[in-house]
Amino acid sequence: MNNQSISTTINGRKFTFDVYPNQTLLHFLREELGLTGTKCGCEIGECGACTVLLNGEAVNSCLVIVPQIDRKEILTVEGLAKDGKLHPLQESFMNHDAVHCGFCTPGMLMSAKALLDKNPDPEEKEIRTAISGNLCRCTGYIQIIEAVRDVANKA
Amino acid sequence: MKPFEYKAVHSIEEACSALAEYGSDAHILAGGTDLLIELRKQNIRTPKVVVDISFIKELRGIESINGTINLKPLATHTQLLQSSILHQYASLLSSAASVIGSPQIRNRGTIGGNIMNAATCADTVPPLIALGAKITLKLKSGSRQLDLSDLFIKPYQTKAKPEELLTEISFLKLSPNAKSSFIKLGRRNALAISRLSVAAILFFNEKGIITEARIVPGAALPIWRRVTEAEQIMIGEIPSTELFKTAGQKVSEVMISHTGRRWSTEYKEPVIATLVRRALEQCV
Ligand SMILES: Cc1cc2nc3c(=O)[nH]c(=O)nc-3n(C[C@H](O)[C@H](O)[C@H](O)COP(=O)(O)OP(=O)(O)OC[C@H]3O[C@@H](n4cnc5c(N)ncnc54)[C@H](O)[C@@H]3O)c2cc1C
Ligand code: FES
Ligand code: FES
């Protein structure tokens with residue numbers, strides 16, 4: 001198996017790595033970089049727990065192999081807070097009780113961020129669509145939708 | 001994931017050379033939403049070489065040239081559903097793209113991968129066959145064009161050689177006197193029986209009479225095709241619920257004549273008839 005040399009930007013920092021091609025981005029983030037905020041659920045693209053932004057778009061990191069991020073930008077949940085201050089979405093999730101067990105939260109936040117970056121004032125339907133690839137077994141989704149809506153309103 | 005060699009290619013030429021070199025040892029990677037699931041299965045034959053075409057710029061985009069639309073295979077489902085050209089001239093294809101998987105899957109999954117994977121539940125295939133799409137397959141030495149409807153042998157099996165790269169999907173724009181629709185029932189990974197879908201196009205003359213009809217069901221027949229038996233019933237007629245019901249029943253009959261009666265027929269028979277009727281009603 002051939003190692004691949006890749007350069008990539010992760011949470012705003014530039015890196016060059018030698019990677020094995022048969023590793024998913026999800027495992028690479030968690031095992032090699034210690035970025036365990038991105039969660040590992042189904043590993044077949046169904047649950048959205050592993051959602052990260054790739055060049056600004058929400059993707060399932062369990063369905064990307066590492067060499068595919070060469071010269072691309074990745075944003076994970078660890079990259080949301082800036083200068084010790086939580087991202088408005090993170091604040092809002094806390095205020096709306098949108099975090100119960102928390103397993104879905106990183107993925108939900110990334111899907112919500114992808115939406116708001118493109119569409120700062122989404123309708124409820126658009127919020128629902130944006131998080132339709134993220135499963136939550138605890139909240140019943142309503143608090144999450146309200147949390148996203150609230151950030152949009154304040155923006 | 002078992003180990004494999006990885007080769008990123010940056011042009012069509014480089015891709016075709018790599019495919020010619022590795023032959024059936026190679027496997028193409030585009031968005032990876034089908035292939036990654038395969039690669040992770042324990043008991044499959046892992047390809048020796050994965051040829052990653054996702055960096056090839058010339059395989060991206062949606063073009064409109066005069067009366068024709070050319071889709072490049074790396075166009076993602078998100079790009080299809082956001083394309084104003086498709087909204088205007090092939091809205092059934094944007095509808096199909098909009099109900100695929102989830103936003104994350106639509107951001108990565110490509111139309112080329114959807115076609116070449118040839119799963120029974122591939123949602124872009126019925127609309128493309130209804131549109132009369134042609135595809136271009138490229139080898140290191142030369143290329144060929146064929147009707148998309150001639151590509152498939154059976155689910156998950158196409159007539160494309162391992163060395164062939166899909167480089168283009170093209171079809172004529174629908175004229176303003178045509179209306180189209182796509183309806184899908186159920187979600188992927190729900191029971192197989194609930195993956196039924198229908199793509200429909202109706203053409204009308206200025207008196208509102210149907211001059212041409214195209215119906216392509218998904219996951220109902222052994223292989224996708226237009227159900228001309230049902231299409232013909234509608235030609236020369238004025239649209240009506242009765243007419244669409246009859247067409248729906250015909251599609252259902254044709255399905256049973258192909259598949260025989262089996263455990264799922266009791267469910268599929270009325271459901272496909274109803275889906276066809278609804279799809280046709282949306283074309284009015
Ligand atoms: C959770 C989930 C939900 C899904 N839901 C749906 C759904 O609702 N409807 C649906 O239709 N599909 C669905 N899919 C399947 C998949 O997302 C689509 O089929 C997608 O379009 C595949 O494209 P890709 O680029 O990811 O393909 P890849 O996985 O990269 O490739 C798929 C196959 O096509 C071949 N291939 C790709 N590009 C080319 C080319 N240019 N030339 C020759 N061969 C090529 C590859 O070798 C491979 O065999 C779903 C998948 C997941 C994981
Ligand atoms: S772990 Fe990737 S979608 Fe579930
Ligand atoms: S908070 Fe537990 S899964 Fe969503």
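Being a predicted model, the structure only gives us computed values, none of them experimental.

Draft legend 1. Quick look at the environment of A247(B). Structurally, A247(B) is set in helix 10 (residues 241-259). When the C-alpha atoms of A247(B) and R277(B) are compared, they prove to be 7.2 Å apart, with 30 residues separating the residues in sequence.

Draft legend 2. A look at the packing of aromatic side chains. All names here are of chain A. Counted according to the given criterion, the structure contains three aromatic pairs over all chains. Relative to F28, the ring of F17 has its centre 5.0 Å away and its plane inclined at 80°; by these criteria the two rings are edge-to-face. Linking F17 in strand 2 (residues 13-19) with F28 in helix 1 (residues 25-32), this pair joins segments that are eleven residues apart in sequence. Across the pair, F28 and F17 agree in class, each one buried.

Draft legend 3. Main features of helix 2 (residues 88-95) of chain A. Residue and element names in this part refer to chain A. Three or more residues of helix 2 are buried, namely L89, Q90, S92 and F93. The buried residues of helix 2 occupy one face: seen down the axis, they fall within an arc of 165°. In this structure, helix 2 carries M94 and N95 as exposed residues pointing more than 90 degrees from its buried face. Looking one or two residues beyond helix 2, the residue adopting positive phi is D97, at roughly 60°.

Draft legend 4. Structural detail: the domain arrangement of chain A. All names here are of chain A. Domain assignment breaks chain A into domain 1 (4-79) and domain 2 (88-154). Centre-to-centre, using C-alpha coordinates, domain 1 lies 21 Å away from domain 2. Counting residues at the interface gives 17 residues for domain 1, matched by 14 residues for domain 2. Summing both sides of the interface, domain 1 and domain 2 together bury roughly 1,100 Å²; the carbon and sulfur share of this comes to 66%.

Draft legend 5. Region of the structure containing the pattern of salt bridges. Residues and elements named next belong to chain B. Within the structure shown, the criterion is met by 18 salt bridges over all chains. E212 is paired through a salt bridge with R214; the nearest N and O atoms lie 3.0 Å apart. Judged by its relative accessible area of 29%, E212 is partly exposed. Its relative accessible area of 14% is what places R214 among the buried residues.

Cut-offs used in this document
- Residues numbered from 1 in each chain as written.
- Chains lettered and ligands numbered in written order.
- Predicted model: local features only at pLDDT ≥ 70, side-chain atom pairs only at ≥ 80, totals over all residues.
- Heavy atoms only, no water.
- Helix = DSSP H or I, 4+ residues; strand = E, 2+ residues; numbered from the N terminus.
- Phe/Tyr/Trp six-rings, centres within 6.5 Å; stacked < 30°, edge-to-face > 60°.
- Buried < 20%, exposed > 50% of the residue type's maximum accessible area, 1.4 Å probe, protein only.
- Arc of directions from axis to C-beta.
- Domains from an automatic or database assignment.
- Contact = heavy atoms within 4.5 Å.
- Buried area = accessible area lost by both parts, 1.4 Å probe.
- Salt bridge = Lys/Arg side-chain N within 4 Å of Asp/Glu carboxyl O.

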